[in-house]
Amino acid sequence: MSLPKSILSKLINEFHNDIIKSNEDHYRIEIKTENNRTQVVELIYKPRTINNIDISRYVALSPIGPIFRSFNYEEILKHNSKISLGAICIDDFQNQEGIVMPYLAVRATHLATTAQFAEIYELINEVAKLADQLELEIYGKDRF
């Protein structure tokens with residue numbers, strides 16, 4: 001199972017040219033946010049079973065910006081207590097020069113077996129909106 005065709009066709013209809021397939025289980029979507037800004041969200045299908053129970057998930061992941069030594073991680077992670085969907089995390093992303101490096105990111109997941117289009121759509125948009133907002137708060141500008 002990957003992204004069901006019914007959900008995928010609705011996402012393509014919604015995002016048109018702003019959704020790019022990286023591989024069978026990975027899509028990159030550019031979401032328009034406030035003030036003529038955009039935010040990239042990676043939508044990834046993560047298959048997994050435990051004791052023959054399907055616990056596969058859809059992951060929406062959006063980079064905020066590169067990690068700096070000067071960060072006050074405690075302060076950054078306090079943002080998590082204010083988030084209603086997802087969390088701030090650290091993940092590896094490829095920067096504009098093609099170098100893979102650790103980034104602050106917003107990540108949210110949804111159980112694949114129960115996923116409906118509206119839930120995936122909300123997941124993608126809320127992750128984009130939060131990542132864009134945190135990007136401005138933490139970095140003061142567009143970083144990715």
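Up top you'll find the structure we're talking about.
Small disclaimer: the values here were computed from a predicted structure and weren't measured.

Cut-offs used in this document
- Residues numbered from 1 in each chain as written.
- Predicted model: local features only at pLDDT ≥ 70, side-chain atom pairs only at ≥ 80, totals over all residues.
- Heavy atoms only, no water.
- Helix = DSSP H or I, 4+ residues; strand = E, 2+ residues; numbered from the N terminus.
- Rg over C-alpha atoms; globule rule 2.2 N^0.38 Å.
- Contact = heavy atoms within 4.5 Å.
- Lys, Arg positive; Asp, Glu negative; His and termini not counted.
- Charge placed at Lys NZ, Arg CZ, Asp CG, Glu CD.
- Salt bridge = Lys/Arg side-chain N within 4 Å of Asp/Glu carboxyl O.
- Buried < 20%, exposed > 50% of the residue type's maximum accessible area, 1.4 Å probe, protein only.
- Patch = residues over 30% accessible without salt bridge, like charges linked within 9 Å, V, L, I, M, F, W, Y side chains within 5 Å.
- Areas by Shrake-Rupley, 256 points an atom, 1.4 Å probe, with all protein chains shown as cover.
- Arc of directions from axis to C-beta.
- Core = buried A, V, L, I, M, F, W, Y, C linked by side-chain atoms within 4.5 Å.
- Phe/Tyr/Trp six-rings, centres within 6.5 Å; stacked < 30°, edge-to-face > 60°.

Asks: Got a minute to help me understand the overall build of the protein in this structure?
Replies: Of the regular secondary structure elements, the protein holds three helices and eight strands. Taken against the 2.2 N^0.38 rule, which gives 15 Å for 144 residues, the C-alpha radius of gyration of the protein at 15 Å falls within 12% of a compact globule. Dimensions of the protein, computed from the C-alpha atoms along their principal axes, are close to 45 × 40 × 30 Å. Contacts in the protein between residues at least 24 apart in sequence constitute 54% of all its contacts with a sequence separation of at least 6. In the protein, which carries 16 positive and 20 negative side-chain charges, the distance between the mean positions of the two groups comes to 2 Å.

Asks: I would appreciate a short explanation of the pattern of salt bridges in the present structure.
Replies: Throughout the structure, instances matching the rule amount to four salt bridges. A salt bridge links E135 to R37; the nearest nitrogen and oxygen atoms lie 2.9 Å apart. Note that E135 is positioned in helix α3 (residues 117-139) and R37 in the loop between β2 (26-32) and β3 (38-46), a separation of 98 residues in sequence. We note that E135, like R37, is buried.

Asks: Sorry if this is basic, but what is going on with a nonpolar patch on the surface here?
Replies: Together, Y73, L77 and I90 make up a nonpolar patch on the protein surface, roughly 280 Å² of accessible area in all. On the secondary structure map, Y73 appears in helix α2 (residues 73-78).

Asks: Explain helix α1 (residues 5-15) to me, please; I cannot follow it from the model alone.
Replies: Helical geometry: 3.6 residues make up each α-helical turn, so side chains three or four residues apart lie on a common side. Of the positions making up α1, those classed as buried are I7, L8, L11 and F15. Each buried residue of α1 sits inside an arc of 95 degrees when the element is viewed along its axis, so together they form one side. Relative to its buried face, α1 has exposed residues pointing more than 90 degrees away, namely K5 and N13. Its buried side turned inward, α1 meets β1 (19-23), β2, β3 and α3. Positive phi shows up at H16, right after α1, with a value of about 50 degrees.

Asks: What exactly am I supposed to notice about the nonpolar core here?
Replies: In summary, soluble globular proteins display a tendency toward joint burial of nonpolar side chains. Ranked by internal contacts, the top residues of the largest apolar core, which has 33 residues, are L3, L11, L43, Y58, I64, I120 and I124. Sorting the residues of this core by element identifies α1, β2, β3, β6 (57-66), β8 (100-111) and α3 as the ones contributing at least two each. Of all the elements, α3 adds the most residues to this core, at nine residues. Once you skip the residues sitting within four places of it in the chain, L11 turns out to touch L3, H16, I19, L43, F117, I120 and I124.

Asks: In this structure, what is going on with the packing of aromatic side chains? I would like to understand it.
Replies: Two aromatic rings, taken as a pair, are described by how far apart their centres are and by the angle between their planes. Enumeration according to the criterion identifies eight aromatic pairs in this entry. Between Y45 and Y58, the ring centres sit 5.4 Å apart and the planes meet at 45 degrees, which makes this aromatic pair tilted. With Y45 in strand β3 and Y58 in strand β6, this pair connects stretches of sequence that are 13 residues apart. Accessibility expressed as a relative area gives 1% for Y58, which makes it buried. Consider the rings of F93 and Y103, whose centres lie 5.8 Å apart with planes at 70 degrees: the pair is edge-to-face. Here F93 is found in strand β7 (residues 87-94), whereas its partner Y103 is found in strand β8, with 10 residues between them in sequence. A relative accessible area of 3% places Y103 in the buried class.

On their own, these measurements won't tell you what the molecule is for.
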